[in-house]
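Chain and residue survey
Here is what each chain is made of, one letter per residue.
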Amino acid sequence: MNTLKFITAGNVDDGKSTLIGRLLYDSNSIHTDQLGVLEKRKSNEDDEIDLSLITDGLRAEREQGITIDVAYKYFSTAKRKFIIADAPGHEQYTRNMITGASNSELIIILVDARKGITSQTKRHASIGSLMGIKKAIIAINKIDLVDYSQDIFEKIKNDFQQIQDQLNYDEVTFIPVSALVGDNIVEKSAKTPWYNGETLLHQLETVSIETDKNLAARFQVQWVIRPKDEEHHDYRGYAGQILSGVYKVGDSIKVYPSNIESKIVKIERHLEEVQHAEAGENVVIHLENNIDISRGDSIVKTSEEPQTTNEPKAWICWLDNNALQQGKTYVLQHRFHSVRAKIKAIDQQWDINNWEFIPSEEIKLNDIGQVVLKTNQPLFFDSFKENIHTGNAILIDETTKNTVAALMFID
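Residues numbered from 1 in each chain as written. Predicted model: local features only at pLDDT ≥ 70, side-chain atom pairs only at ≥ 80, totals over all residues. Heavy atoms only, no water.

An unreviewed UniProt entry lists the chain under the name sulfate adenylyltransferase, from Empedobacter falsenii.

Pairing of strand S19 (residues 329–334) with strand S24 (residues 392–397) involves 4 bridges; the strand directions are antiparallel. Note that in S24 the partner of Leu332 across the bridge is Leu395. Summarising the sheet, S24 and strand S25 (residues 403–410) pair through 5 bridges and their orientation is antiparallel. Within S25, the residue paired with Leu395 across the bridge is Ala405. In this structure, the hairpin formed by S24 and S25 is closed by a connection of 5 residues, where Lys401 is found at a positive phi of approximately 65°. (Pairing = 2+ DSSP bridges. Helix = DSSP H or I, 4+ residues; strand = E, 2+ residues; numbered from the N terminus.)

When you line up the elements, Glu205 lands in helix H7 (residues 200–206). No salt bridge is formed by the buried Glu205; its nearest oppositely charged neighbour, Lys79, is found at 4.1 Å. Each residue touching Glu205, except ones within four places of it in the same chain, is listed here: Thr77, Lys79, Arg80 and Phe82. (Buried < 20%, exposed > 50% of the residue type's maximum accessible area, 1.4 Å probe, protein only. Lys, Arg positive; Asp, Glu negative; His and termini not counted. Salt bridge = Lys/Arg side-chain N within 4 Å of Asp/Glu carboxyl O. Contact = heavy atoms within 4.5 Å.)

It is worth spelling out unusual backbone geometry at this point. With an omega dihedral of 15°, the bond running from Tyr256 to Pro257 counts as a cis peptide bond. With respect to the secondary-structure elements, Pro257 resides in the loop between strand S11 (252–256) and strand S12 (260–269). Phi at Lys142 takes a positive value of approximately 60°, unusual for a residue other than glycine. Secondary-structure assignment places Lys142 in the loop between strand S5 (135–141) and helix H6 (150–164). Classification of Lys142 as buried rests on a relative accessible area of 17%.

Printed below as a string of structure tokens:
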């Protein structure tokens, strides 16, 4: 059973938390003890359960009526497992949405049927597209508050399609829903006979997601295993997770950063030898000859080599309260591999509200821009568009140890 990771986004009060709560509630994915707690919070027995409380984690957030942090929920049906990231709607929490979207394969963008497409709708659609998400569901929520109007649904659909060409989504689905009442969430609603599509849950269960095993083979060493005991005197294995692609015994490989070529002679998975392993699996790889390999080194097929440069270009989302400082040295953490890096140049900034590039000499909290970096050692990576697992990195302030930026490499 595969897993679909998706994120929800929308304006404040558009009903994201209620939508997720309804999805979990109607699909029988809430534990009995949690239901009991929610029942006790009702003012009287005739009241409906407040489904938004299922995802709103912090009391301070609920008192403000907003979701600040990214809340994650897990559930499954007979067809698929799901990981949900509930992202905040406020503009000043763009960095939180970037975090939630970075590992998502689909985005649900909520639109209040009474308000239509807003600047925040465009903002969230733009961020989802920038983060490489290819599938989108536009959930036109609160359709019950506009008397289940087909005309309003079609207008909002047409309005979004006007901006769709500027985005990189492969598939966009429009669904009229009421998170509060439950229309078209898990069961088809009799109140929207004009809607011929599927329910939200059915779409989530059946949407096709590209598999990572079809990408270029990527493996970064997490741990070098050298027992050095009598039983395993000559044992030398390189442990880690296959990030993408497929590795087979006999594959010709190259090790970065040493650029030494070798061949895979054995692959172990769960202490058993296998002939091949694919994306997502934790394995130990053995090579034909002894090579000086350390944590963070990459093992790739010689036919599928990554980009190599010490001046990579990248999208950058700034996460820190202190603005980016050109010329300052940061630690660039690329999974288990780290190098020191400076921002050599700011090419441009993305004005999400007006959907245009603008000149900029400064990147501040929640800003998104394109930059050129200068690293003290060559970096081995793929563009984020080609492979999200090896196409992203973070910047860390050497002084404060804070994570100050998220990077997405560009060709």
